[in-house]
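# Inside the fold
Listed here are the chains, written in short residue letters.
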Amino acid sequence: AANFAVPTPSKLTTAIGDLETAYTDAAGRASSDANKNLFDGLIGGKTLAPGVYAWTTDVNIAADVTIEGSATDIFIFQTTGNVIVASGKQMILAGGALAQNIVWQVAGEVDAGTTSTLQGIFLVKTRAVFKTGATLIGRVLAQTAVTLDSTTVKA
């Protein structure tokens, strides 16, 4: 896109800068000791409360995960690894939690399995791949590539 007609190159530069700022901000938030490496990154089948969570491992969602809080609660999920969501699994919001208040700061990549449902704003250092039939309720911004294969995206 850098070689597209004006104003695309300047808008691209601004967007990349904004992504880097948001990524750095999310990565710099401190988590409590209780939320560091919670469940060794195996969060499928769990219910997560508002707060900042940090993992030095991949985050694997092999069963539905529930994110529970009010409409004003904030959730920040940080990982130095990948976020891997198994096919058909969902991120379920409960108690009024909103996708717009959930931030996933991912140093690796996001791998959304077929027909999976992800929720939140994904700030990804490398790439994000949404396989056939996946749904994203939120946004995804990646520094290298976003692949959407018959994916539904709802802001």
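Whatever comes next refers back to the structure up there.
Here is a short report on the structure shown in this document. Numbering of residues starts from 1 in each chain and follows the order in which that chain's sequence is written. Where local features are concerned, this predicted model is filtered to residues with pLDDT of at least 70; where side-chain atom pairs are given and counted, the filter is 80 or more; whole-chain, interface and lining totals use all residues. Excluding hydrogens and water, the side-chain values take into account all heavy atoms of the structure.

## Let's talk about the sheet that holds strand β10 (residues 117-124)
- Only strands joined by at least two bridges in the DSSP assignment are considered to pair. By definition, any uninterrupted DSSP run of H or I lasting at least four residues is a helix, any uninterrupted run of E lasting at least two residues is a strand, and each is numbered from the N terminus. Overall, parallel pairing links the six strands, which are arranged β2-β5-β8-β10-β12-β14 in an open sheet. Each of the sheet's edge strands pairs with one partner strand only, and the pair in question is β2 (51-55) and β14 (152-154). Strand after strand, the sheet turns through a mean of 35° between neighbouring axes, direction not considered.
- Bridge analysis of strand β5 (residues 75-79) against strand β8 (residues 102-106) gives five bridges, and the strand direction is parallel. Paired with Thr 79 across the two strands is Val 106, which belongs to β8. To obtain each axis, a line is fitted to C-alpha atoms, and for helices this fit is confined to the stretch in contact; angles are then taken between N-to-C directions over 0 to 180 degrees.

## A short note on the environment of Lys 46
- Position of Lys 46 among the secondary structure elements: in the loop between α1 (8-27) and β1 (47-48).
- Note: C-alpha distance between Lys 46 and Ala 128 (82 residues apart in sequence) is 23 Å.
- The criterion used for residue contact is that any of the two residues' heavy atoms lie within 4.5 Å. Those residues in contact with Lys 46 that lie beyond four places of it in its chain are Phe 39, Asp 64, Val 65 and Thr 66.

## Regarding a nonpolar patch on the surface
- Like-charged residues are merged into a patch within 9 Å and nonpolar side chains (Val, Leu, Ile, Met, Phe, Trp, Tyr) within 5 Å, provided each residue has over 30% relative accessible area and no salt bridge. All accessibility values rest on the Shrake-Rupley procedure with a 1.4 Å probe; residue burial counts only the protein chains present in the view. The term salt bridge refers to a side-chain nitrogen of Lys or Arg lying within 4 Å of a carboxyl oxygen of Asp or Glu. On the surface, a cluster of nonpolar side chains totalling about 230 Å² of accessible area is made up of Val 146, Leu 148 and Val 153.
- In this fold, Val 153 is placed in strand β14.
- Only protein chains enter the accessibility calculation, which uses a 1.4 Å probe. A residue is then buried if its area is under 20% of the maximum for its type, exposed if over 50%, and partly exposed in between. The class of Val 153 is partly exposed, set by a relative accessible area of 43%.

## Details of α1
- Between the first and last C-alpha of α1 there are 28 Å, a value that for 20 residues agrees with the 28 Å anticipated at 1.5 Å per step.
- Taken together, the buried positions of α1 are Leu 19, Tyr 23 and Ala 26. The buried residues of α1 occupy an angular sector of 70° when projected down its axis, which confines them to one face. Along α1, exposed side chains directed more than 90 degrees from the buried face belong to Thr 13, Asp 18, Thr 21 and Thr 24.
- Its buried side turned inward, α1 meets β5, β8, β10 and β12 (135-142). One less than the number of residues in a helix, times 1.5 Å, gives the span that helix is expected to have. Relevant arc is that of directions from the helix axis to the C-beta atoms, nothing else.

## Focus: the sheet that holds strand β11 (residues 127-130)
- The strand order β3-β6-β9-β11-β13 describes an open sheet built from five strands, whose pairing is parallel. Each edge of the sheet is formed by a strand with only one pairing partner; in this case those strands are β3 (59-61) and β13 (145-148). Geometrically, the sheet is characterised by an average inter-axis angle of 5° between neighbouring strands, direction not taken into account.
- For β3 and strand β6 (residues 83-85), the ladder comprises three bridges, and the chain directions are parallel. Residue Val 59 lies in a different strand from β6, and its bridge partner there is Val 83.

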